[in-house]
2 protein chains.
Amino acid sequence: MIDTFNQRLKKDSMQKNSKLCIGLDIDPDRMPDYMDKSLQGIESHLKDIIDSTTEICLAYKLNMAFYEQFGFKGYELMEKIVSYIDGRNITVADGKRGDIGNTTKKYAIAIFDTIGFDSITVSAYMGADSIIPFISNRAKGTFVLCLTSNKSGKDIQEFKNNNDTMYEYISKLCNKLNINDNIGLVVGATNPENMEQIRSLNSLPWLIPGIGAQGGDLEQSVTISNKKNSIGLINVSRGILFAGDCSIHDVVKATENYNDKINGFFK
Amino acid sequence: MIDTFNQRLKKDSMQKNSKLCIGLDIDPDRMPDYMDKSLQGIESHLKDIIDSTTEICLAYKLNMAFYEQFGFKGYELMEKIVSYIDGRNITVADGKRGDIGNTTKKYAIAIFDTIGFDSITVSAYMGADSIIPFISNRAKGTFVLCLTSNKSGKDIQEFKNNNDTMYEYISKLCNKLNINDNIGLVVGATNPENMEQIRSLNSLPWLIPGIGAQGGDLEQSVTISNKKNSIGLINVSRGILFAGDCSIHDVVKATENYNDKINGFFK
């Protein structure tokens, strides 16, 4: 029987000796002047990055906004990049999608079948309807926004009723829905105390943004997420993509550095 | 000075004598067999619908999932449809996007500048960061998910702290952020009591899904949303697009019927 997404995450992580996810968020505004900022230039640069880091990192995350800013040609580029990765690494569609059931099903087709991503990030303001259509295929993963790394997130996420904060409620809801072992949580790296609390609730895997440019604590993120025999996928976008002079040499060096740092916490 | 989005909504509504929004959510699964289900066939059918209804309705809403299911070619079709409408009617990108500020800015570029939509729907699980980058251009509108028409939505949206339910909190937050007069709320048609409560809080315009296939109450939706000199944009998707035998004749008849019904409540 084919592995569930959460099983694959752990297996691939062991095999590649990595918990690092590279955020392939292209942004011409941040690219130095010497680089070719056309879509073709960006495509070629991304493919070079993938070929040079595929053996080092566990996963690639594409934030869809950075591709959609170019319209359908950017959307096509996103498809090409996923095809180019071609199963060598786990791919995450960071689209924070979420709608009513009938429509969410169409997003599942778009992300998993048409583009071929392995997993997606989901915003669950519309409740379980925004999650359920994504999880019917056990090989495909769904990371649900739980506690994010941005400041204003807490206004919603730390909303508290008599029993729970919103992020605790989401964590419990996801654990309940996780019958196909393919749900994870998005947990930002910026608040160790809350991270401990979320990890205490269950052992769902985490996707962890907020390291690097956003100032999250790497050691705490790694240590806390991996408790209870679980796993935390550490995402770094700008800190790798725009490392040094953006050359492949500097990108690879930054990838190796992050990977070594993460693995160092287990020694 | 150019009108704010909310001013335009009211002016256009008066001028067109309509509060109806047609949801152009193409779905080959629901199209009868005699129709051409290729993307070209769909494009031609949608253009016929637009030409036949542009004088009757106020706005068109495109749920992005229905276009994204076809990959970049669907995304391109969405761009073509918005170009084809060409300012004749208000357009809504129903994408329920939302991310941290830096990324939300890219979505604003994608939706407003690259595709040219007049407005967007936003999911604010990440707080004000998911809203602010969309509202800097006063001519462009942002409808924030407040209370939705699906059943599981209430688990999150009726979450209650000492002061507010989540949907009340969102309504107040949006009202506070509405300095450019271009924020509205998504309020589903399915619960008149809660609708009254949300309308009592402020006079932000509403985008109202849930009429037709989802069983919402049209009269209540129209009456409540238009209190306090505000406006409610009534969205009908399946009830118009798949009316009768899906012929243009039946689509126009359904559009006229809905428009007349809505206007009838003001007599």
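Just above, that's the structure.
Residues numbered from 1 in each chain as written. Chains lettered and ligands numbered in written order. Predicted model: local features only at pLDDT ≥ 70, side-chain atom pairs only at ≥ 80, totals over all residues.

**Focus on the interface of chain A and chain B**
How big an interface is tends to be stated in terms of the accessible area lost upon association of its parts.
Right, on to step 1. Contact with chain A, which involves 42 residues of that partner, is made by 42 residues of chain B.
Right, on to step 2. Residue assignment for the side of chain A that touches chain B shows that the elements contributing at least two residues are α3 (64-68), α4 (72-85), α5 (101-115), α6 (153-157) and α7 (166-177) of chain A.
Right, on to step 3. At eight residues, α5 of chain A tops the list of elements feeding residues into the side of chain A that touches chain B. (Contact = placed C-beta atoms within 7 Å. Helix = DSSP H or I, 4+ residues; strand = E, 2+ residues; numbered from the N terminus.)

**Description of the sheet that holds strand β5 (residues 141-147) of chain A**
Residue and element names in this part refer to chain A.
Right, on to step 1. Judged by pairing direction, the barrel is parallel, and its eight strands sit side by side in the order β1-β2-β3-β4-β5-β6-β7-β8 before closing back on the first. The sheet shows a mean angle of 30° between the axes of neighbouring strands, direction not considered.
Right, on to step 2. Note that strand β1 (residues 20-23) and strand β2 (residues 59-63) share three bridges and pair parallel. Paired with G23 across the two strands is K61, which belongs to β2.
Right, on to step 3. Set on the sheet, helix α9 (residues 218-225) makes contact with β7 (206-208) and β8 (232-236); between it and β8 the angle comes to about 155°. (Pairing = 2+ DSSP bridges. Axes fitted to C-alpha atoms, helices over the stretch in contact; angles between N-to-C directions.)

**A word on helix α1 (residues 5-16) of chain A**
All names here are of chain A.
Right, on to step 1. With twelve residues, α1 should reach 16 Å at 1.5 Å per residue; the first-to-last C-alpha distance of 16 Å fits that figure.
Right, on to step 2. If you check which residues of α1 are buried, you get F5, N6, L9 and S13. Looking straight down α1, one finds its buried side chains confined to an arc of 105°; they lie on one side. Facing away from the buried surface of α1 by more than 90 degrees, the exposed residues are K11, M14 and Q15.
Right, on to step 3. Summarising the contacts, the buried residues of α1 are in contact with β3 (90-97), β4 (119-122), β5 and β6 (183-187).
Right, on to step 4. Trailing α1 by a residue or two, N17 shows a phi angle of about 50°, which is positive. (Expected span 1.5 Å × (residues − 1). Buried ≥ 20, exposed ≤ 12 C-beta atoms within 10 Å, placed from the backbone. Arc of directions from axis to C-beta.)

**Some points on the packing of helix α8 (residues 192-201) of chain A against α9 of chain A**
All names here are of chain A.
Right, on to step 1. Running from amino to carboxyl end, α8 crosses α9 at an angle of 10°, the nearest separation of the two axes being 10 Å. The orientation of α8 with respect to α9, classified from their angle, is roughly parallel. Where α8 abuts α9, its residues P192, M195, E196 and R199 lie against Q220, I224 and S225. (Parallel < 35°, antiparallel > 145°, perpendicular 65-115°, else oblique.)

**What about the environment of K253 of chain A?**
Right, on to step 1. Among the structural elements, K253 of chain A can be located in helix α11 (residues 248-264).
Right, on to step 2. Sequence spacing of K253 of chain A and A243 of chain A is ten residues, and the spatial spacing of their C-alpha atoms is 8.6 Å.

**Here's the deal with the relation of the copies chain A and chain B**
For the pair of chain copies, the relating operation is a rotation around an axis with a shift along it.
Right, on to step 1. Take chain A, turn it by 180°, move it 0.0 Å along the axis, and it overlays chain B with an RMSD of 0.0 Å. Accordingly, the operation relating the two chain copies is best matched by a two-fold axis. Distance from the rotation axis, computed per C-alpha, reaches its smallest value in chain A at N161 of chain A: 2.3 Å.
Right, on to step 2. Most of the interface of chain A is mirrored in chain B, where 100% of its interface residues again form contacts. (Least-squares fit on C-alpha atoms with pLDDT ≥ 70 in both.)

**Details of the sheet that holds strand β3 (residues 90-97) of chain B**
Residue and element names in this part refer to chain B.
Right, on to step 1. Pairing in this closed barrel of eight strands is parallel, and the strands run β1-β2-β3-β4-β5-β6-β7-β8 around the ring. When strand polarity is set aside, the average angle formed by the axes of neighbouring strands in this sheet is 30°.
Right, on to step 2. In terms of strand pairing, strand β5 (residues 141-147) meets strand β6 (residues 183-187) through five bridges, oriented parallel. Directly across from F143, in β6, lies its bridge partner G184.
Right, on to step 3. Where helix α9 (residues 218-225) meets the sheet, it contacts β7 (206-208) and β8 (232-236), and its direction lies at approximately 155° from that of β8.

**Details of the environment of E219 of chain B**
Right, on to step 1. With respect to the helices and strands, the residue E219 of chain B is situated in helix α9.
Right, on to step 2. In this structure the C-alpha to C-alpha distance between E219 of chain B and P192 of chain B, which are 27 residues apart in sequence, comes to 9.9 Å.

**Digging into the pairing of β3 of chain B**
Residue and element names in this part refer to chain B.
Right, on to step 1. With eight of its eight residues buried, β3 lies for the most part within the structure.
Right, on to step 2. Alternating positions in β3 separate into two faces, I90, V92, D94 and K96 on one and T91, A93, G95 and R97 on the other, with burial throughout.
Right, on to step 3. Across five bridges, strand β2 (residues 59-63) lies against β3 in parallel orientation. Looking at β3, one finds that L62 is bridged to A93.

That's the geometry; what it means functionally is another story.
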